[in-house]
Amino acid sequence: MEVPVQRNAEAGAAAAECGELADPAFWRQPPQARLDAFARLRALGSPVYVPEGRGRGHWALLRHADVQEASRLPKVFASAPGVTTPEPARWVRALFGDSMVNLDGADHARLRKVVQRAFTPRLLAAAEADIHAVAARIVDDVLAERPDEFVSAVSSRLPLEVICNMMGIPERYRPEIADRVNHASENIGVERGLASRLRMPGRGLRALARMQRMVAAIGRERRRNPGDDLISALVCANVDGQALGARQLGAFFSLLMVAGVETTRNAITHGLSLLTDHPGQRDLLLGDFEKYADGAVDEMIRHSTPIIQFRRTVAAEHELGGRLFRPGEKVVLYYASANRDEAVFPDPDAFDITRSPNPHLGFGGGGPHFCLGAHLARVEMKALFRELLTRPVGLRAVGLPDLAGSNFDNRVRSLRFAFDAPGDA
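Residues numbered from 1 in each chain as written. Predicted model: local features only at pLDDT ≥ 70, side-chain atom pairs only at ≥ 80, totals over all residues. Heavy atoms only, no water.

## Re the overall build of the chain
The helix and strand tally for the chain stands at 17 helices and nine strands. For the chain, the residues scored as buried account for 52% of the 425 residues in total. Expressed as a percentage of contacts within the chain between residues at least 6 apart in sequence, the contacts between residues at least 24 apart total 71%. A total of about 18400 Å² of accessible surface is found on the chain, and carbon and sulfur atoms cover 54% of it. (Helix = DSSP H or I, 4+ residues; strand = E, 2+ residues; numbered from the N terminus. Buried < 20%, exposed > 50% of the residue type's maximum accessible area, 1.4 Å probe, protein only. Contact = heavy atoms within 4.5 Å. Areas by Shrake-Rupley, 256 points an atom, 1.4 Å probe, with all protein chains shown as cover.)

## Digging into unusual backbone geometry
Cis peptide bonds are those with omega within 30 degrees of zero, and the linkage from Ala80 to Pro81 qualifies with 5 degrees. Residue placement: Pro81 occurs in the loop between β3 (77-78) and α5 (90-96). Here Ser356 and Pro357 are connected by a cis peptide whose omega angle stands at 0 degrees. Mapped onto the secondary structure, Pro357 falls in the loop between α16 (335-338) and α17 (374-390). Although it is not a glycine, Thr305 adopts a positive phi angle of roughly 45 degrees. Counting through the fold element by element, Thr305 comes out in the loop between α15 (289-304) and β4 (309-314). Of note in the backbone geometry, Asp347 takes a positive phi value of approximately 50 degrees without being a glycine. Taking relative accessible area as the criterion, Asp347 reaches 56% and is therefore assigned exposed.

## Regarding the pairing of β4
Most of β4 sits inside the fold, with six of its six residues counted as buried. Because side chains alternate across β4, one face comprises the buried residues Gln309, Arg311 and Thr313, and the other comprises Phe310, Arg312 and Val314, equally buried. In this sheet, β4 lies alongside β3 in antiparallel orientation, the contact comprising two bridges. In the strand pairing of β4, Ala78 is matched with Thr313. (Pairing = 2+ DSSP bridges.)

## Describing the sheet that holds strand β1 (residues 48-53)
Two pairing modes exist for strands in a sheet, parallel and antiparallel, and in both the strands are linked by backbone hydrogen bonds. Strand order in this open sheet of five strands is β1-β2-β7-β4-β3, and the pairing throughout is mixed. Strand pairing shows two members of the sheet lacking a second neighbour, β1 and β3, which therefore form its edges. Contacting β2 (56-61), β3 and β7 (330-334), helix α4 (residues 64-71) runs over the sheet at an angle of about 120 degrees to β7. (Axes fitted to C-alpha atoms, helices over the stretch in contact; angles between N-to-C directions.)

## Description of the packing of aromatic side chains
In this structure the tally under the stated criterion is 13 aromatic pairs. Summarising the aromatic geometry, the rings of Trp59 and Phe325 are spaced 6.2 Å apart at their centres and angled 90 degrees between planes, so their arrangement reads as edge-to-face. Taken together, the residues span a long stretch of sequence, with Trp59 in strand β2 and Phe325 in strand β6 (residues 323-325) at a distance of 266 residues. Pairing Phe77 with Phe325 gives two aromatic rings, centres 5.9 Å apart and planes at 75 degrees, and the pair type is edge-to-face. Here Phe77 is found in strand β3, whereas its partner Phe325 is found in strand β6, with 248 residues between them in sequence. Members of the aromatic cluster, connected to one another through ring pairs, are Phe26, Trp27, Phe38 and Tyr334. In this arrangement the basic side chain of Arg146 is found over the ring face of Phe419, its NZ or CZ atom lying 4.3 Å from the centre. (Phe/Tyr/Trp six-rings, centres within 6.5 Å; stacked < 30°, edge-to-face > 60°. Lys NZ or Arg CZ within 6 Å of the ring centre and 35° of its normal.)

## Points about helix α14 (residues 279-287)
Residues Gln281, Arg282 and Leu285 constitute the buried set of α14. Taken around the axis of α14, the buried residues stretch over an arc of 100 degrees, which confines them to a single face. When the buried face of α14 is taken as reference, the exposed residues oriented beyond 90 degrees from it are Asp283 and Gly287. Residues of α14 that are buried sit in contact with α13 (246-277), α15, α17 and β8 (395-403). (Arc of directions from axis to C-beta.)

## A look at the environment of Arg223
Locating Arg223 in the fold gives a position in helix α11 (residues 194-224). Classification of Arg223 as partly exposed rests on a relative accessible area of 36%. Each C-alpha atom of the pair Arg223 and Leu234 lies 9.5 Å from the other, and the pair is eleven residues apart in sequence. When near neighbours in sequence (up to four residues on either side) are disregarded, Arg223 contacts Val235, Leu244, Gly245 and Ala246.

## Some points on the nonpolar core
Of all hydrophobic cores here, the largest spans 80 residues; its most connected members are Ile177, Leu230, Phe252, Met257, Leu285 and Phe385. At twelve residues, α13 tops the list of elements feeding residues into this core. Setting aside anything within four residues of it in sequence, one finds Met257 in contact with Leu160, Ile163, Cys164, Ile177, Val181, Met211 and Glu262. Core analysis: the next-biggest nonpolar cluster, separate from the first, contains 19 residues, Leu61, Ala70, Val76 and Ala338 among them. (Core = buried A, V, L, I, M, F, W, Y, C linked by side-chain atoms within 4.5 Å.)

## Remarks on the confidence of the model for the chain
Close inspection of predicted coordinates is inappropriate for parts of the model with low pLDDT. The pLDDT averaged across the chain works out to 88; a share of 88% of its residues lies at or above 70. Across residues 1-7, confidence stays below pLDDT 50; counting only partners more than four residues off in sequence or on other chains, it has 16 contacts. (pLDDT = per-residue confidence, 0-100.)

## Notes on the pattern of salt bridges
Overall, the coordinates contain 26 salt bridges when judged by the stated rule. Between Arg157 and Glu161 there is a salt bridge, and its shortest N-O distance comes to 3.1 Å. With Arg157 and Glu161 both in helix α9 (residues 157-167) and four residues apart, this pair spans about one turn of that helix. Classification of Glu161 as buried rests on a relative accessible area of 18%. Between Glu171 and Arg174 there is a salt bridge, with its nearest N and O atoms 3.5 Å apart. Three or more residues are tied together by salt bridges with common partners; here these are Arg137, Asp141, Arg157 and Glu161. (Salt bridge = Lys/Arg side-chain N within 4 Å of Asp/Glu carboxyl O.)

As structure tokens, then:
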């Protein structure tokens, strides 16, 4: 792989100062230390080469403009063979099927079209009504039971229940699905010891396999007896005669559960922490919730950036950010850096719910892989924070979030919380 000597030397000096992006120790640093490192790397003004060992490496796209351009050129920066680090093994893809996020071109367009058509106006309207009901019920439970850990009691419950309701997952399957989601995602992007590395991949894959077998069985039943749920819409042929097969349904369900549940729960959890750390912003939101809620949700997503990065493989020669990329090279889109780009976001580290415009890349940089669930995620967050903040007894985070130290997502393992009202903590 060609590495321009001068530019790589500059990048190497910056990497030596702030820590290698490929080094797990970098992701265990405090969040602000990582953000400061991104700022120094952005200041170089061009993509940075990050060695990964054994002659491999990737080019880090750190600026908002570069990430956005690459996102909108899927024929140049391809998602196949995989967007995660490391890329999924061929046998894993053969066994579980390709997730939509790892597909390009006609294959991706065909699958996305089936999924988009399944999200009918009627289904979406029902899902939005359900979101408000679930959010109210969760906060009712919190006020009645007085738990003190936010992820398990609040932020993980909402997206899981909403997605299960929308998909039509029977109640008897839901506790196991929640457990499988945690097992499948708990160590993505997290450095582990040798024994754990040997054990955990099998545990995560078994969790995915169990989830996919469950949804395949439900899909077979819905083909015989379709209902008004999303699984029925996905497995029954639409106007083009297309539907999802068992492996496609399983891959989509795994994506929806792991990505949809994890990203939303992390954004919600970071949101509570941000409002606690910035009482002036919280007071502003409480003063006129409907006026500021949409801006607050987008600023929570920008500030926390639930998905830190996605990988791309260069498929065609292209110049971007002052460098000529060649086929076969690896590129990583660092959304966490792009969302703090001072060229786009004035005072980027500030949490400002009035920020406008706010062209964050928390749902991707546009193009065909823009997040299908962006609208529902925003509705979920707005509904839950309305319930959390406008009840007589408010909530506040206690201490710092317990972060997973992942290089893939800004995952929160746990967050303690308490009640604002005197005598209720």
